[in-house]
Amino acid sequence: MRLLIIHQNFPGQFGHLAKAWLQRPGWDVRALARDTAPGLPGFDKLHRYKLARAVHPTQHPYLRQMEAATLHGQATARAMLQLRQSGFTPDAIVAHPGWGETLYAKDVYPNARLVHLCEWYYSAEGADLGFDPEFPLTFDDRARIRTWNALHTLNLTNCDAAISPTHWQRSRHPEIFQPKISVVHEGIDTAVLTPDPNAVVATPSGLVLRAGDPVVTYVARNLEPYRGFHIFMRALERIQKAHPRCHALIVGGDDVSYGSRPKGGAKTWREHMLGQVTLDPARTHFMGRVPREQYLRVLQVSAAHVYLSYPFVLSWSLLEAMGCGVPIVASTTAPVREVMRDGENGRLVEFFDDKAVAGAVLEMLGSRRVQVPMRKRARADARRYSLAAGLAGYDRAIGAADGAPTPTPQAPTLRRLQQPRQTEPPLPELTARDRELLQLLSAGHSTEQIATLRFRSPATVRNQLSALYLKLGVARRTEALAKLRALQGTGTDFVTLGGDA
């Protein structure tokens, strides 16, 4: 298998996948990244590209992202042409196309199977934009967002197959493209993500906090409203007033990953919020961005971890906190509800209700008896997002199930990866909806949970399940799952078979 990985900030989400593919005998794995990418230790076949110029300062604001994408696409195409001239022609290309790198990939390698990681498709309603009344959208914002989606629509049109990490993220893409998108999370290292009763963390002031101390934690790439930093700070003020011994460990940078910087005199959201709330500086520890080992220790000492998010991309940090068995208080927003259930593996509260956030955190701090069963359930649920599961899903997408390459299908989505044994009865033709329902059933979701994840009514889902059972020749959920397990035991990837109607 000759594989090309493209990510402007390589390795990005593809780190463990690249390592696994690199170790396979006979595989020739290359990567393309921007000249500013960090790279991956031990990965010596990384080719870099550099943009020819910056976006023109007089470019129309709606078109700036598209011009930037064109510049990225051109630079990557030049690098691919050099690879082709050197004799490298990939069987498959796995890429994050969000910056435009693969706009011209099919012009260089028309026969390569192009697989896109499709994280997000913007809309002015029903998701992140306009969600927070503190930051209303203007008509100009709406028009710009619609124009931005031109890139994402081109990406969906150009690729042979696409992947979204969660059902929620898949649902945000236009319905016409959803049959092309499989739900595969990249995976988290569930072998490393474990509780540690001996974990300790040293704060910037020198204070040492240990597992078992009343420690409240908050983690984000950057401290900003998209991840509920403003709500957390208001809740923390309440928490500190009610609990005089608790400490807060806050991990994250002062840049902006999503949205914009605060208006007014403050340069960062941390400065902005410290001007609005009154906190005890001796018990409030801003850690900044920390090495991964220290980040994991922060989770392991946590007695109550707060995860808040707009209806947006689900953070790895939530799944990693679940894997560490951390008591979690999270917002009841769409991406979170896909992995968390109130009272079962954590506590869910309304995003904007800082009083409810504080109350749930204080409940966690006050009762270990409340914590224990939820922590165990969270760890068990996190195992569904293992590195092995992520690798298997990506292998299916690139046409290399079981680590061996298979011919690239001509259809835009995966068809049959392995033929069933001759002794097996003919398999029913499954639609994309059927496959999604089977995935959700096998993950243990109830009918009501499936309805929430698929944004349908429970009655509609019940009707769809009944039609699926009839197609499979079974009468109920348990029989459908038993048939699924039996067919998987024959070496047939049952969930990915069938048509896309």
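That block above? That's the structure.
Below, the structure is looked at part by part.

### What about the overall build of the protein chain?
- Across its full length, the protein chain holds 17 helices and 15 strands.
- For 501 residues, the compact-globule formula gives about 23 Å, and the C-alpha radius of gyration of the protein chain, at 24 Å, lands near that figure.
- Viewed in the frame of its principal axes, the protein chain has a C-alpha envelope of about 70 × 60 × 45 Å.
- For the protein chain, the proportion of its 501 residues judged to be buried stands at 55%.
- Once local pairs closer than 6 in sequence are excluded, the contacts in the protein chain between residues at least 24 apart make up 69%.
- Surface accessibility of the protein chain: about 21800 Å² in total, with carbon and sulfur atoms responsible for 52%.
- Separation between the mean location of the 61 positive side-chain charges and that of the 46 negative ones in the protein chain comes to 2 Å.

### What to know about the sheet that holds strand 15 (residues 347-349)
- Spatial ordering of the open sheet is given by 12-11-10-13-14-15, a layout of six strands whose pairing is parallel. Only two strands of the sheet have a single partner each, and these edge strands are strand 12 (284-288) and strand 15. The sheet shows a mean angle of 20° between the axes of neighbouring strands, taken without regard to direction.
- Bridge count for strand 11 (residues 247-253) against strand 12 is four bridges, and the pairing is parallel. In the strand pairing of strand 12, Ile250 is matched with Phe286.
- Of the strands in this sheet, strand 10 (215-222), strand 11, strand 12 and strand 13 (304-307) touch helix 8 (residues 292-301), which is tilted by about 145° from strand 10.

### So, the packing of helix 8 against helix 9 (residues 316-323)
- Interhelical geometry of helix 8 versus helix 9 gives an angle of 60° and a closest axis separation of 10 Å. The pairing of helix 8 with helix 9 is recorded here as oblique in orientation. Here the hand of the crossing between helix 8 and helix 9 comes out right-handed. In contact with Arg292, Tyr295 and Leu299 of helix 8, helix 9 contributes Ser317, Glu320 and Ala321.
- Tallied by class, the residues present in the contact of helix 8 with helix 9 amount to three nonpolar, one polar and two charged.

### Remarks on helix 15 (residues 447-454)
- For helix 15, the complete set of buried residues consists of Thr447, Ile450, Ala451, Leu453 and Arg454. When helix 15 is viewed along its axis, its buried side chains cluster within an angular range of 165° and face the same direction.

### What about unusual backbone geometry?
- Each neighbour pair has its own omega, and for Phe10 with Pro11 the value is 10°, a cis peptide bond.
- By secondary structure assignment, the location of Pro11 is in the loop between strand 1 (2-6) and helix 1 (15-22).

### A word on the nonpolar core
- Formed by 43 residues in total, the largest nonpolar core has its most connected members in Phe229, Phe232, Met233, Ile250, Val357, Val361 and Leu365.
- Of all the elements in the fold, those that place two or more residues in this core are strand 10, helix 6 (229-242), strand 11, helix 7 (269-274), strand 13 and helix 11 (354-366).
- At seven residues, the largest contribution of residues to this core is made by helix 6.
- Beyond its immediate sequence surroundings of up to four residues, Phe232 is in contact with Val216, Tyr218, Ile250, Val306 and Leu308.
- One finds Cys324, Val336, Val339 and Ala378 within the second-largest nonpolar core, a separate group that totals 32 residues.

### Brief notes about the sheet that holds strand 7 (residues 181-183)
- What the seven strands build is an open sheet, ordered 3-2-1-4-5-6-7; its pairing is parallel. The sheet is open, and its two edges are formed by strand 3 (46-49) and strand 7, each paired on a single side. Each strand of the sheet is rotated relative to its neighbour by a mean of 20°, with strand direction disregarded.
- Two strands pair when backbone bridges link them, and strand 1 and strand 4 (residues 92-95) are joined in this way by four bridges, in the parallel orientation. Opposite Ile6, over in strand 4, you have Ala95 as the bridge partner.

### Structural notes on the pattern of salt bridges
- Enumeration according to the criterion identifies 23 salt bridges in this entry.
- Here Glu320 makes a salt bridge to Arg292, at a shortest N to O gap of 2.9 Å. On the criterion of sequence distance, the pair formed by Glu320 in helix 9 and Arg292 in helix 8 is long-range, its members being 28 residues apart.
- Owing to a relative accessible area of 5%, Glu320 belongs among the buried residues under this scheme.
- Looking at Arg292, the relative accessible area reads 39%, which means it is partly exposed.

### Things to note about the environment of Gly359
- Among the secondary structure elements, Gly359 is positioned in helix 11.
- Residues Gly359 and Thr333, 26 residues apart in the sequence, show an inter-C-alpha distance of 18 Å.

### Some details on the pairing of strand 10
- The element strand 10 is extensively covered by neighbouring structure, given that seven of its eight residues are classed as buried.
- Sheet topology places strand 10 next to strand 11; six bridges connect them, and they run parallel. Opposite Asn222, over in strand 11, you have Gly253 as the bridge partner.
- Note that the unit made of strand 10, helix 6 and strand 11 has a crossover that is right-handed.

### Let's talk about the side chain of Asp381
- With respect to the helices and strands, the residue Asp381 is situated in helix 12 (residues 368-382).
- Exposure remark for Asp381: the relative accessible area of 1% places this residue in the buried category.
- Apart from residues lying up to four places away in sequence, Asp381 is in contact with Met322, Arg341 and Asn345.

### Quick notes on the packing of aromatic side chains
- Within this structure, the stated rule accounts for 18 aromatic pairs.
- Ring centres 5.6 Å apart and planes at 85° place the aromatic pair Phe135 and Trp269 in the edge-to-face group. Taken together, the residues span a long stretch of sequence, with Phe135 in the loop between strand 5 (113-117) and helix 4 (139-158) and Trp269 in helix 7 at a distance of 134 residues.
- Seen in terms of ring centroids, Tyr226 and Phe312 are 5.0 Å apart; in terms of plane orientation they differ by 75°. Their pairing is edge-to-face. Of this pair, Tyr226 sits in the loop between strand 10 and helix 6 while Phe312 sits in the loop between strand 13 and helix 9, and the two are 86 residues apart along the sequence. In this structure, Tyr226 and Phe312 share a single accessibility class: buried.

Rules behind the numbers
Residues numbered from 1 in each chain as written. Predicted model: local features only at pLDDT ≥ 70, side-chain atom pairs only at ≥ 80, totals over all residues. Heavy atoms only, no water. Helix = DSSP H or I, 4+ residues; strand = E, 2+ residues; numbered from the N terminus. Rg over C-alpha atoms; globule rule 2.2 N^0.38 Å. Buried < 20%, exposed > 50% of the residue type's maximum accessible area, 1.4 Å probe, protein only. Contact = heavy atoms within 4.5 Å. Areas by Shrake-Rupley, 256 points an atom, 1.4 Å probe, with all protein chains shown as cover. Lys, Arg positive; Asp, Glu negative; His and termini not counted. Charge placed at Lys NZ, Arg CZ, Asp CG, Glu CD. Pairing = 2+ DSSP bridges. Axes fitted to C-alpha atoms, helices over the stretch in contact; angles between N-to-C directions. Parallel < 35°, antiparallel > 145°, perpendicular 65-115°, else oblique. Left-handed = near helix turned anticlockwise from the far one by under 90°. Nonpolar A, V, L, I, M, F, W, Y, C, P; charged D, E, K, R; others polar. Arc of directions from axis to C-beta. Core = buried A, V, L, I, M, F, W, Y, C linked by side-chain atoms within 4.5 Å. Salt bridge = Lys/Arg side-chain N within 4 Å of Asp/Glu carboxyl O. Right-handed = clockwise from strand over helix to strand, strands pointing away. Phe/Tyr/Trp six-rings, centres within 6.5 Å; stacked < 30°, edge-to-face > 60°.

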